[in-house]
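Now for the letters of each chain:
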Amino acid sequence: SLFIMSKLKLVERAAAVFPGGKYTRWPLQQLDFGPKFLDRGEGCRVWDTEGRSYIDFMCGFGASVLGYGQPDVEKAVAAQSQRGATLTGPTAVSVALAERLVPLRPGAAWAIFGKNGTDVTNTARLAARAGTGRTKVLRCIDDRDSRSYAYHGSSAQWLQGHSGVLDDESTNHEVGYEYNNLASVESALGEIDGECAAIFVGSASYPYKGAMQMPTKEFIRGLREMANAVNAFLVLDEIRTNYRLGKELSPGLWCEIGGSDAAPDMYCQCKALANGHPLAALLGNERAREGAASITASGTYWISAAPMKAALVTLDLLEENGYERLRHIQRMGDLLCNGLRLEANKIGIEAIVSGPSALPVLTFPLDDKLDKGTRPLAYAFCQEAANHGIWIHPYHNWYLCASHQEEDIEEALIASRLAFQKVAEQFL
């Protein structure tokens, strides 16, 4: 068709001017289905360049928490942009946002802003090294594959084993541990014997191509105690979960589970923070202030005011009417996750829905036996869902936003029934 030819032509044009498919996000480079280029988004839907509509359960990989094009956010951004997109110096908006964020996390006393999650995880790592005079960090590994580390960004210090990355930038300064396994943390600390600058931990296990674990109270509190015992910083990467999970915006799910006295020294935030506008934040306590103050942390666009204005409005809207939107997101997630379990049971196929309902993961245990790398059942499921206008990912967690409504969930579950049937026909 003309649509397919148009899509292929655009892909071919992009391939000519971008190396190795780098015109899109890395997780999307691995897919042969679904939209390749998008034209626009509204609410929880996106339209590709061929005009086809999808209910989007990736939400810009978590960036959209209210929905695409939320009017109040976009109006505030437009008004602030009129005053200058990126000025030579900071604006009062940055101070207002820092003052807004700091009280939302137990112990936090300061903020540093960036654009992407990588900006703030890198900054946290530098601050921890500067504050301790040590070089090594502990970092979660995938308990299904000890070579696969939790993702904290796309800089060299987080990409050990990848092309162009030196061992001295990454491998030589990291030791892995298993999520929710304090014995493995103790073993990792023993391996580096007094050289630990920081323990990095996700607010969930964040596996790629696997089921998600949520932290136990014992793990959270034990991790805090272990960091204290070796005088290392505890750094929480809540980039995927911040302001999407929890009963309220504060104290955050980590401290809801473990208690505010088990709070980390630094919090890394991004994604839902500004409803799709480029902004990340590192929050830290007084103990971490000296190290953070001593490092170089700067970027041309880090002080841009419009995304910060977006964040202020986003937080206000999430708090509005007793956190109505936050509760709605979680309620829609519950409907989706419970519905997926029901549809899988009806078909008689073993499928696991893990993680919090606002960012669920769907996995098939049979994939572990057939091919852990390609995960053919998950791939086939998401491919068939895309054929019916539902955009989800076979390897990455999904996201819910405030614009998802019951009719969207119902449409997704109808598509899931057809997708489960397709998987059963192919593999059972």
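This write-up is about the structure you can find in this document. Remember, predicted model here, so these are calculated numbers, not experimental data. (Residues numbered from 1 in each chain as written. Predicted model: local features only at pLDDT ≥ 70, side-chain atom pairs only at ≥ 80, totals over all residues. Heavy atoms only, no water.)

Our next topic: the overall build of the protein. Looking only at helices and strands, one finds 13 helices and 14 strands in the protein. Relative to a compact globule of 428 residues, whose C-alpha radius of gyration would be 22 Å, the protein shows 21 Å and is just as compact. For the protein, the spread of C-alpha atoms along the three principal axes comes to 60 × 55 × 50 Å. Within the protein, buried positions represent 55% of all 428 residues. For the protein, contacts bridging at least 24 residues in sequence account for 75% of all contacts bridging at least 6. Carbon and sulfur atoms provide 50% of the accessible area of the protein, an area that totals close to 18300 Å². (Helix = DSSP H or I, 4+ residues; strand = E, 2+ residues; numbered from the N terminus. Rg over C-alpha atoms; globule rule 2.2 N^0.38 Å. Buried < 20%, exposed > 50% of the residue type's maximum accessible area, 1.4 Å probe, protein only. Contact = heavy atoms within 4.5 Å. Areas by Shrake-Rupley, 256 points an atom, 1.4 Å probe, with all protein chains shown as cover.)

Let us look at the pairing of strand 1 (residues 38-42). Relative to strand 2 (residues 45-48), strand 1 is paired through 4 bridges, and the arrangement is antiparallel. What sits directly across from Leu38, in strand 2, is Asp48. Taking the residues that link successive antiparallel strands as the turn, the strand 1-strand 2 hairpin has 2 residues, and the phi of Gly43 there is positive, at about 65 degrees. (Pairing = 2+ DSSP bridges.)

Let us now look at the sheet that holds strand 2. Strand order across the open sheet formed by 4 strands is 1-2-3-14, with mixed pairing between neighbours. The open sheet is flanked by strand 1 and strand 14 (390-391), the only strands paired with a single partner. Sheet analysis places strand 2 next to strand 3 (residues 53-56), joined by 3 bridges and oriented antiparallel. In the sheet register, Arg45 faces strand 3, and the bridge partner there is Ile55.

Once that is clear, we can look at the packing of helix 6 (residues 182-192) against helix 7 (residues 217-229). Relative to each other, helix 6 and helix 7 sit at 20 degrees, their axes nearing to 10 Å. Between helix 6 and helix 7, the angle falls in the class roughly parallel. The two elements helix 6 and helix 7 cross, and the hand of that crossing is right-handed. Residues Leu182, Val185, Glu186 and Leu189 of helix 6 lie in contact with helix 7, whose contacting residues are Glu218, Phe219, Gly222, Leu223 and Met226. In terms of residue class, the contact of helix 6 with helix 7 is built from 6 nonpolar, 1 polar and 2 charged. (Axes fitted to C-alpha atoms, helices over the stretch in contact; angles between N-to-C directions. Parallel < 35°, antiparallel > 145°, perpendicular 65-115°, else oblique. Left-handed = near helix turned anticlockwise from the far one by under 90°. Nonpolar A, V, L, I, M, F, W, Y, C, P; charged D, E, K, R; others polar.)

Phe57, Leu101, Leu138, Ile199 and Phe381 are the most contacted members of the largest nonpolar core, which totals 112 residues. At 18 residues, helix 10 (residues 305-347) tops the list of elements feeding residues into this core. Those residues in contact with Phe381 that lie beyond four places of it in its chain are Leu340, Leu362, Phe364, Ile392, Trp398, Ser416, Ala419, Phe420 and Val423. Ranked by size, the runner-up nonpolar core spans 22 residues in total, among them Ala197, Val235, Cys268 and Ala280. (Core = buried A, V, L, I, M, F, W, Y, C linked by side-chain atoms within 4.5 Å.)

Turning our attention to the packing of helix 5 (residues 117-132) against helix 9 (residues 286-294). In the contact formed by helix 5 and helix 9, the axes pass within 7 Å of each other and the chain directions differ by 105 degrees. With respect to their mutual orientation, helix 5 and helix 9 come out roughly perpendicular. When helix 5 is examined against helix 9, the residues Ala127, Ala130 and Gly131 are found in contact with a partner set consisting of Gly291, Ala292 and Ser294. Looking at the contact of helix 5 with helix 9 residue by residue, the classes come out as 3 nonpolar, 3 polar and no charged.

Moving on: helix 7. For helix 7, spanning 13 residues, the distance from its first C-alpha to its last is 18 Å, which sits close to the expected 18 Å at 1.5 Å a residue. Looking only at helix 7, the buried set comprises Phe219, Ile220, Gly222, Leu223, Arg224, Met226 and Ala227. Structurally, helix 7 contributes buried residues whose contacts are with strand 7 (174-178), helix 6, strand 8 (196-202), strand 9 (233-237), helix 8 (253-258) and helix 9. Phi turns positive one or two residues past the end of helix 7, at Asn231, with a value near 60 degrees. (Expected span 1.5 Å × (residues − 1).)

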